[in-house]
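# Summary of the model geometry
The residues making up each chain are set out below.
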Amino acid sequence: MTKRHSPHKKHMEHPLAIKFSNSILDQLDELVKDTQPVLETEKGSLFYSDKLPLVAIKIKIPISQYLDFIKSQDHDVRPRLANVVPVSNRNFEIVINTPLVVVGEQIEIEGRKVILI
Amino acid sequence: MPTGEIKEVTFSKSLEETQSEVLAEYLGLIQEEIAREIKRIIANNELIGEGRTARVFDITVEHSPIPICVKIWRSQLKDMGQVELKKMQSSSPIGEFELQDQLYLAGFRSAPEPISLTRFEDISVMAMERVVGYSLRQIIDAGAQIVNPKWSDLERLIVEMHRKYNIAHRDLGPQNIMLETNEKLEPGATLSGRLVIIDFGLSKSIIGEPSDEDYLLTIGDSVIRYQQDFANIDNLKPRRGNDQTPFAS
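Residues numbered from 1 in each chain as written. Chains lettered and ligands numbered in written order. Predicted model: local features only at pLDDT ≥ 70, side-chain atom pairs only at ≥ 80, totals over all residues.

### Concerning helix H5 (residues 151-163) of chain B
All names here are of chain B. The end-to-end C-alpha distance of H5 is 19 Å, a good match for the 18 Å that 13 residues give at a rise of 1.5 Å each. Within the sequence span of H5, burial applies to Leu154, Ile158, Met161 and His162. Along H5, the residues classed as buried sweep out an arc of 95 degrees about the axis, all on the same side. For H5, the exposed residues lying more than 90 degrees away from the buried face are Ser152 and Glu160. (Helix = DSSP H or I, 4+ residues; strand = E, 2+ residues; numbered from the N terminus. Expected span 1.5 Å × (residues − 1). Buried ≥ 20, exposed ≤ 12 C-beta atoms within 10 Å, placed from the backbone. Arc of directions from axis to C-beta.)

### Here we look at the interface of chain B and chain A
If you look at the interface, chain B gives 32 residues, while chain A gives 29 residues. If you list the elements that add at least two residues to the side of chain B that touches chain A, you get helix H1 (15-44), helix H3 (93-105) and strand E4 (114-120) of chain B. Examining the composition of the side of chain B that touches chain A, we find that 14 residues originate from one element, H1 of chain B, more than from any other. Residue composition of the side of chain B that touches chain A, by class: 18 nonpolar, seven polar and seven charged. The pairing of strand E1 (residues 16-20) of chain A with E4 of chain B spans five bridges and is antiparallel. Following the sheet pairing, Ala17 of chain A is matched in E4 of chain B by Arg119 of chain B. (Contact = placed C-beta atoms within 7 Å. Nonpolar A, V, L, I, M, F, W, Y, C, P; charged D, E, K, R; others polar. Pairing = 2+ DSSP bridges.)

### Quick word on the environment of Val70 of chain B
In this structure, Val70 of chain B sits in strand E3 (residues 68-73). Setting aside residues no more than four positions away along its own chain, Val70 of chain B makes contact with Ile41, Phe57, Ile59, Val125, Met126 and Ala127 of chain B.

### Focus: the sheet that holds strand E4 (residues 55-59) of chain A
All names here are of chain A. Taken together, the five strands give an open sheet; going across it, the order is E2-E3-E4-E6-E5, and neighbouring strands pair in antiparallel fashion. In the strand order of this sheet, the two ends are held by strand E2 (39-40) and strand E5 (84-86), each with one partner. Looking at chain direction, strand E3 (residues 44-47) and E4 are connected through four bridges and run antiparallel. Bridge pairing links Leu46 to Ile57 in E4. Packing against the sheet, helix H1 (residues 22-34) makes contact with E3 and E4, and its axis sits at approximately 55 degrees to E4. (Axes fitted to C-alpha atoms, helices over the stretch in contact; angles between N-to-C directions.)

Below, the structure is given as structure tokens:
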């Protein structure tokens, strides 16, 4: 008798897990659905509300390519990677979990210019 | 049709598998950064609350749209008797986070809105809305009084939490009820604001009014009792001789 393997690969639990509340993610979903992005490039669109503690990015490229793009930024404009968190099953793919300021075409986090899209 | 030996066929990874590997690698990259950030918060940020299981730090920065704090659970429980230890062991940061999220999603606005839960090895960190104001314990200790809302508003709030939102808090002492206010706390001050319930660490989902069983935890042969919500609220009722109420009569 042939031994059959489960098609589901068993993964070790990662020591780091980040979960966002559905209450905030739902509000970000609405924001992405109902409003215009505050900034848009060929990489993605950034949605921000001055009432929400998180920021949403809807990317236009595959997630692996986007994360490579963020990791490859020069140190002086690279955001802290811990502030750029992928999410799934939403109208957007990335959560920025720190306050930011959009000035024209530029994004600042803690007074430092960063490139997010 | 070609014949001959059938070669072993290997399928390329599914998109889901590739994505999950990319994400696992990314989490690996950011975990050290997160561990450093947690240490930095503990060392530098203002400690705004401390219990035996966790500490709460203010992390609001200049451009935060709302005031934010983080609850950082201790990796080892501190100075705790057997009963308290069992109560704490029967709860979990993820349980507390999800319960508070459900409560907020259901429309209960008299609790801080949860934002995120980060778990790294044995450390859990919950980010949430910071309530600006004072706990009823701080108000009692300062010798100030709440003139608005009234004690009956607190009673109504707890009835609503039970009947409409199906939650028994089970640790509703004056340290876990806050008055959200911008007014200054000083002896003799009369304060107005909004009541907010915090710390749902020992809370339980219920159906309707909490029953006696909702306040019991059975582990093996031992039965542990939680604090009954209304007994705690009754202790805060303004009446002659009660110096442990912040509410004006």
